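A look at the structure
What follows is the residue order along each chain.
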Amino acid sequence: MSLQSFVDKVKFTPSLTTWTRIEPQPRDASMERSLQAQVRDPLWLLARQWQVGEFLGDDAGSPIHATIAAEMRTITTYRPGFNPASTVPIDPTLPIEVHVEREPVTLEMRGSAQQGLYFENLIRQSSVATPETVIAAFRATFPIAVASPDPTYAPPDALRFRSIVAGRVTDGEALYASARAVAAGQTPTIPLPAAASDPGMPAVITSFLAFRGSLFSEPTTDNPWQSQNLDYEFALGSPASEETITLEAPEFPGGHLDWYSFSLNETVPTATQAPSATQTPPAQVSTTTFDFLPNQVVFRGMPDSRWWNFEDAVTDFGQLDVEHVDLAKLLVMEFALVYGNDWFWVPIPIQVGISGSDPTPRGTLSRITNLVITDTFGVRTLIRPSEQTQVNANESPWSMFKVSGENTRSDFILMAPTLGVTDDADPLEEVLFLRDDMAAMAWAIEHRLPSELDSATDAYALYQQRLKDNPPPTPLPIVAGGPAITYTLETPPPDNWIPMVPVLSPANELYLRRGTMEVPTKDGFMKLQARGAILEPQHPFFVTDRAVPRSGTQVDRYFRYTRSSDGTIFVWLARRSGQGHGSGWSGLRFDLVQKLGAG
């Protein structure tokens, strides 16, 4: 019989299906015996309790209620750099990173053209009687130059763009600098044209200034960037009537900022050393009492609280590769495997988010002044801070998440109004500081530089372009009966390798000073000069010797973008420093003797 025939036969065969329900029937209507929970083998259970060490434990109740008294004080002052006189009231609508990292933004040719087009559109949409005449006057006063300010290293695409916009649009960035100076009551470098006195122009210029100023968050105080250390130096303050708490960030490299970036400077009486309340607004100090139900700490892979439950094997602490010196791993394993179900946590609400429209201070310093736990037996226990634990001489008690300084520790926990999620652009400028043991000096290599199109360009590619346009001198020809060797005083490095020469300060401290070199070309000698903002070509530039370790240091300038809790957008130009790529060699050599034609 085929399978299909068997299926057809079974499908049409009648059947009768029944179910039998099994129900428990108690022999006795009373539940007295059931509630006794009798144990048939108590000796076995006692042996298991002895085996797992339950007889060695103490009776203890689980926490069921927590009463917490917390003191909170706001952060109200900000100090860029080292000078206490530069302390200013903090802007509560800005994240701390924006306060610290932002620096003035100067748009190049492309941004200037875009701003100029926006300004001219404002004129056409305004009540100006003859808009084209006014636009022509501003184009003549603030023109985009036909020639590049740096023709040696101008990229070809920037030259093509300049040929298009030169004479056809107002230089918006130059106009913004002059209009802002006039609005501040200062004398501008380039005076506004007579057409700016047209009755409809004040509203146009005001709208243009507001638009340009809203594009980027720019500083109104000193810049905390310390070029000699290649990092930021700033401080936050919380002055109150009884004390002033100063939190310093002496070596902030940029990027992510958290509580561990700060160190406690000192706590001094406000009356004797702190600035007046007109210069530094006093902190708001408040004490709040909370009543909570403690929650048990739960984490992946923790032992189950019930003996016979099967545990999840996703996290296996037994597979941790731990050495005898791995104290951190050993502590984590002990916490997870032995005391995992003995930890409880209690939430404390703290307002720390940034609102771009709400000036209420959000950053707080918080500490627990009182913590009372009530357990299942009704016993109330006062929990004291771990810092009050008695320890031996020359020892310090255990502490975590507390800001400390030299020989001091604060009992406050810092919740600074820092950033959440950010969108960081690619570096607009990138400089690598490295040591060259062969030349007994250091180098600042400008890998990426901002171009006239307001984007990054490869500095080495610009060097290759310069070699094509202005190559080195032609080598000496080989002449019969002439000399067979040639002498080279110095071999030049690439144009983007800026020398950093070691020098001693009057205090006998070692610094690296930005230097220069003369490079031979077919048109004569050319000096190597820094062209980016990081190396500050407008004045002498020094870096401490310790700021450039053996691994090197990389410094970037880049734009950052973020949004606050109410949707306010922040865009600012920042810097960050980090580890480099080790030492290198520029190819610099002195007193080189070679055979003619060998080079």
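Scoring rules and cut-offs
Residues numbered from 1 in each chain as written. Predicted model: local features only at pLDDT ≥ 70, side-chain atom pairs only at ≥ 80, totals over all residues. Heavy atoms only, no water. Pairing = 2+ DSSP bridges. Helix = DSSP H or I, 4+ residues; strand = E, 2+ residues; numbered from the N terminus. Axes fitted to C-alpha atoms, helices over the stretch in contact; angles between N-to-C directions. Parallel < 35°, antiparallel > 145°, perpendicular 65-115°, else oblique. Left-handed = near helix turned anticlockwise from the far one by under 90°. Contact = heavy atoms within 4.5 Å. Nonpolar A, V, L, I, M, F, W, Y, C, P; charged D, E, K, R; others polar. Buried < 20%, exposed > 50% of the residue type's maximum accessible area, 1.4 Å probe, protein only. Phe/Tyr/Trp six-rings, centres within 6.5 Å; stacked < 30°, edge-to-face > 60°. Lys NZ or Arg CZ within 6 Å of the ring centre and 35° of its normal. Salt bridge = Lys/Arg side-chain N within 4 Å of Asp/Glu carboxyl O.

**A look at the pairing of strand β11 (residues 364-375)**
With eleven bridges connecting them, strand β1 (residues 63-74) and β11 associate as antiparallel partners. When the bridges of β11 are listed, Ala70 appears paired with Ile368. Summarising the sheet, β11 and strand β15 (residues 413-415) pair through three bridges and their orientation is antiparallel. What sits directly across from Ser366, in β15, is Ile413. For β11 and strand β12 (residues 380-382), the ladder comprises three bridges, and the chain directions are antiparallel. What sits directly across from Val372, in β12, is Leu382. The loop that links β11 with its antiparallel partner β12 comprises four residues; one of these, Gly378, has a positive phi angle of about 85°.

**A closer look at the packing of helix α8 (residues 172-183) against helix α9 (residues 201-215)**
Relative orientation of the contacting elements α8 and α9 amounts to 110°, with a least axis distance of 10 Å. One way to sum up the angle between α8 and α9 is to call them roughly perpendicular. In this structure, α8 meets α9 at a crossing whose hand is left-handed. Contacts from Gly172, Glu173, Leu175, Tyr176, Ala179, Arg180 and Ala183 in α8 reach Ile205, Phe208, Leu209, Arg212 and Gly213 in α9. Residue composition of the contact of α8 with α9, grouped by class: seven nonpolar, two polar and three charged.

**Digging into unusual backbone geometry**
Positive phi values are uncommon outside glycine, yet Leu230 reaches one of about 60°. Among the structural elements, Leu230 can be located in the loop between β4 (225-226) and β5 (231-239). On the accessibility criterion, Leu230 (3% relative accessible area) is buried. For Ala440, which is not glycine, the phi dihedral falls at a positive 55°. Owing to a relative accessible area of 58%, Ala440 belongs among the exposed residues under this scheme.

**A closer look at the packing of helix α5 (residues 109-125) against α9**
Where α5 meets α9, the closest approach of the two axes is 10 Å, and the angle between their N-to-C directions is 145°. When the axes of α5 and α9 are compared, the crossing they make is right-handed. For the pair α5 and α9, the contacting residues are Gln115, Tyr118, Phe119, Leu122 and Ile123 in the first and Met201, Val204, Ile205, Ser207, Phe208, Phe211, Arg212 and Leu215 in the second. Here the residues of the contact of α5 with α9 are counted per class, giving ten nonpolar, two polar and one charged.

**Side note on the packing of aromatic side chains**
Here the distance between the centres and the angle between the planes together describe a pair of aromatic rings. Per the counting criterion, the structure on display carries 16 aromatic pairs. Between Phe234 and Phe252, the ring centres sit 6.0 Å apart and the planes meet at 75°, which makes this aromatic pair edge-to-face. Of this pair, Phe234 sits in strand β5 while Phe252 sits in strand β6 (residues 244-252); the two residues are 18 residues apart in sequence, bridging distant segments of the chain. Neither residue differs from the other here; Phe234 and Phe252 are each classed as buried. Ring geometry for Phe234 against Phe262: centres 5.7 Å apart, planes inclined by 85°, an arrangement best described as edge-to-face. You can see Phe234 sitting in strand β5 and its partner Phe262 sitting in the loop between β6 and β7 (263-268), a full 28 residues away along the chain. Aromatic ring contacts, followed pair by pair, group Tyr78, Trp225, Tyr232, Phe234, Phe252 and Phe262 into a single cluster. Seen from the ring of Tyr153, Arg531 lies directly overhead, with NZ or CZ sitting 4.0 Å from the centre.

**Looking at the environment of Arg531**
Among the structural elements, Arg531 can be located in the loop between β24 (524-527) and β25 (542-544). Separated by 57 residues in the primary sequence, Arg531 and Leu588 place their C-alpha atoms 21 Å from one another. Contacts of Arg531, omitting those with residues within four sequence positions, involve Asp150, Tyr153, Glu446, Leu449 and Leu462.

**Digging into the pattern of salt bridges**
Once the charged atoms of two side chains with opposite charge are near each other, the side chains can pair. Scanning all chains against the criterion turns up 22 salt bridges. The salt bridge partner of Glu103 is Arg557, with a shortest N-O separation of 3.1 Å. Linking Glu103 in the loop between α4 (96-101) and α5 with Arg557 in strand β26 (residues 553-563), this pair joins segments that are 454 residues apart in sequence. Look at Glu103 and you get buried, because its relative accessible area is 5%. Residue classification places Arg557 among the buried residues on the basis of a relative accessible area of 8%. Asp150 is the salt-bridge partner of Arg531, the closest N and O atoms lying 3.5 Å from each other. With Arg531 in the loop between β24 and β25 and Asp150 in the loop between α6 (131-141) and α7 (156-165), the pair connects residues that are 381 residues apart, well separated along the chain. For Arg531, a relative accessible area of 28% puts it in the partly exposed group. By relative accessible area, which is 29% here, Asp150 ends up partly exposed. One network of salt bridges, with partners in common, ties together Glu103, Glu429, Arg557 and Arg575.

The quantities given are spatial measurements derived from coordinates; they are silent on function.
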